[in-house]
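Geometric and topological summary
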Amino acid sequence: MTITDTTAPQATRRLNTSKAMVEAIAQEMRANPEVFYLGEDVGRYGGIFSSTTGLLDEFGPTRVIDTPISETAFLGLAVGAATEGMRPIAELMFADFVGVCLDQVYNHMAKIHFESGGHVRVPMVLTTAVGGGYSDGAQHSQTLWGLFAHLPGMKVVVPALPADAKGLMAAAIRDDSPVVYMFHKGVMGLPWMAKNPRSVDVVPEGEYVVPIGRANVVREGTDVSVVTISLSVHHALDVAEKLAGEGVSVEVLDLRSLVPLDREAILASVAKTGRLVVVDEDYHSFGMSGEVVATVAEHDPGLFRVAPERVTLPDVPIPYAHSLEYAVLPRHDRIEAGIRAVLR
């Protein structure tokens, strides 16, 4: 359980999450000619969520490649390139689209290293946008990180804050294992989306790496632990600030990675507070929220002073209508209700 790792003080400035991501990609591309980026609308358009803005101008169309609308084809290309020693970053425009190319992901990207007896590595990054809140409908609003985390052979990282977006991207590109890097639309800090003040923050200049698999206590507290990830970190911090005015001390733990999962950080937080609320924008059943609760229950159920609460997405398709969508998403009102429930 550590704060973002750095070996020495570094100069900083404020960036939004998308710019922090792009900065990490550009720095790694400059340092290693084997790194290249491919996907739909990642070139001249710069990614529909500004995930590649400016990269084409610097690196050209041979290293920033606009692909046809064929996820199976360009994911297969990336897997093949990775097995031959390159370090591709392949962008799946929405995580929902994984159904089109799932065979390439979980039968090839995730399993080649195992099936080769450890002789063939697949050092690639699969990046993808996740999350609801923008009336994108049932096929463009899911997070699905529980699905990726459930399939063995891949690391899964989900940054919430700009500095972590940069540091985790650098770590993912350098990793010799396939890494799924999932960014929520709501944390990108884009002016045409709902304003999120926490999506613009201090980001170190120069080389910056956050180790994969280490959670981060983004707010210390003593009364209740809120364990969460991605945009829900922002919501949880908002609620924690509100409840502090009532004398309630809320600890917020940002997991940052689901695979590997920092179980020690979860246990340390719950051991301190005795109360657990897990907030997860993924589906309620068979996912991250259950895994976090099970981590504590299997280690020492006596750590719970009261039964834990899960604030999640119900097991229903995400509605298009804005009012219905907000009703099912784990936003501020539901997080606050979950915290109050374990404090009663």
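Let me begin by describing the structure that accompanies this report. These numbers were taken from a predicted model, which means no experiment stands behind them.

**Describing the packing of helix H3 (residues 71–83) against helix H4 (residues 98–109)**
H4 packs onto H3 with a crossing angle of 20° between their chain directions and a minimal axis gap of 7 Å. By the angle between their axes, H3 is roughly parallel relative to H4. Between H3 and H4 lies a crossing whose hand is right-handed. Across the interface between the two elements, Glu 71, Thr 72, Leu 75, Gly 76 and Val 79 of H3 pack against Val 100, Cys 101, Gln 104, Val 105, His 108 and Met 109 of H4.

**Looking at the pattern of salt bridges**
Inspection of the entire model under this criterion finds 19 salt bridges. Arg 340 serves as the salt-bridge partner of Glu 336, at 2.9 Å between the closest nitrogen and oxygen. With Glu 336 and Arg 340 both in helix H12 (residues 332–343) and 4 residues apart, the pair spans about one turn of that helix. Glu 336 gets classed as buried once you look at its relative accessible area, which sits at 14%. Linked by salt bridges that have partners in common, Arg 13, Glu 23, Lys 166 and Glu 205 make up one network.

**Describing H4**
Compared with an ideal rise of 1.5 Å per residue, which puts 12 residues at 16 Å, H4 spans 13 Å between its outermost C-alpha atoms and falls more than 12% short. Looking at H4, one finds that the buried residues are Val 98, Cys 101, Gln 104, Val 105 and Met 109. Considered in projection along H4, the buried side chains sweep an arc of 115° and stay on one side of the axis. As for H4, its buried residues are in contact with H3, strand S4 (87–94), helix H5 (112–115), strand S5 (125–130), helix H6 (145–150) and strand S7 (179–184).

**Some words on the packing of aromatic side chains**
For any pair of aromatic rings, geometry is given as the distance between the ring centres together with the angle between the planes. For the coordinates displayed, the defined rule picks out 2 aromatic pairs. Geometrically, the ring pair formed by Phe 94 and Phe 97 is tilted, given 5.3 Å between the ring centres and 55° between the ring planes. Here Phe 94 matches Phe 97 in class, with each residue buried.

**Structural notes on the sheet that holds strand S12 (residues 257–259)**
Pairing between sheet strands relies on hydrogen bonds along the backbone, with the strands arranged either parallel or antiparallel. One open sheet accounts for 7 strands, arranged S3-S2-S4-S5-S7-S6-S12; its pairing is mixed. Of all strands in the sheet, those bounded by a partner on one side alone are strand S3 (64–66) and S12. Sheet twist, expressed as the average angle between the axes of neighbouring strands with direction ignored, equals 20°. Where strand S6 (residues 155–157) and S7 come together, 3 bridges link them in parallel fashion. Directly across from Val 157, in S7, lies its bridge partner Tyr 181.

**Side note on the pairing of strand S2 (residues 35–39)**
The side chains of a regular strand alternate between both faces of the sheet. For S2, the buried fraction is high: 5 of the 5 residues fall into the buried class. On S2, burial covers both faces: Val 35, Tyr 37 and Gly 39 on one face and Phe 36 and Leu 38 on the other are all buried. Across 3 bridges, the pairing between S2 and S3 is parallel. Bridging across to S3, Tyr 37 finds its partner in Val 64.

**Here we look at the side chain of Ser 141**
Inspection of the secondary structure puts Ser 141 in the loop between S5 and H6. You can call Ser 141 buried: its relative accessible area is 0%. In this structure Ser 141 touches Asp 96, Gly 131, Gly 132, Asp 136, Lys 185, Glu 281, Ile 318 and Glu 325, once residues within four positions along its chain are discounted.

**What to know about the side chain of Ser 18**
Mapped onto the secondary structure, Ser 18 falls in helix H1 (residues 17–31). By relative accessible area, which is 3% here, Ser 18 ends up buried. Sequence-distant contacts of Ser 18, that is, excluding residues within four places in its chain, are made with Phe 49, Ser 50, Met 188 and Leu 190.

**Some thoughts on the nonpolar core**
One finds Phe 148 and Leu 255 to be the most contacted residues of the largest nonpolar core, which totals 93 residues. A total of 7 residues in this core trace back to one element, the largest contributor, which is helix H7 (residues 162–174). The residues contacting Phe 148, other than those within four sequence positions of it, are Val 98, Val 105, Leu 126, Met 154, Val 156, Val 180 and Met 182. Core analysis: the second largest hydrophobic core is formed by 19 residues, Val 248, Val 252, Val 279 and Ile 335 among them.

**Some words on the packing of helix H9 (residues 263–273) against helix H10 (residues 288–299)**
Closest axis-to-axis distance for the H9/H10 pair is 10 Å, and the angle between their directions is 70°. Taken together, the axes of H9 and H10 lie roughly perpendicular to each other. Here Arg 263, Ile 266, Leu 267 and Val 270 of H9 lie close against H10, whose contacting residues are Glu 291, Val 292, Thr 295, Val 296 and His 299. For the contact of H9 with H10, the residue count by class is 5 nonpolar, 2 polar and 2 charged.

Definitions and limits used
- Residues numbered from 1 in each chain as written.
- Predicted model: local features only at pLDDT ≥ 70, side-chain atom pairs only at ≥ 80, totals over all residues.
- Heavy atoms only, no water.
- Axes fitted to C-alpha atoms, helices over the stretch in contact; angles between N-to-C directions.
- Helix = DSSP H or I, 4+ residues; strand = E, 2+ residues; numbered from the N terminus.
- Parallel < 35°, antiparallel > 145°, perpendicular 65-115°, else oblique.
- Left-handed = near helix turned anticlockwise from the far one by under 90°.
- Contact = heavy atoms within 4.5 Å.
- Salt bridge = Lys/Arg side-chain N within 4 Å of Asp/Glu carboxyl O.
- Buried < 20%, exposed > 50% of the residue type's maximum accessible area, 1.4 Å probe, protein only.
- Expected span 1.5 Å × (residues − 1).
- Arc of directions from axis to C-beta.
- Phe/Tyr/Trp six-rings, centres within 6.5 Å; stacked < 30°, edge-to-face > 60°.
- Pairing = 2+ DSSP bridges.
- Core = buried A, V, L, I, M, F, W, Y, C linked by side-chain atoms within 4.5 Å.
- Nonpolar A, V, L, I, M, F, W, Y, C, P; charged D, E, K, R; others polar.

Worth remembering: the numbers are spatial, not functional.
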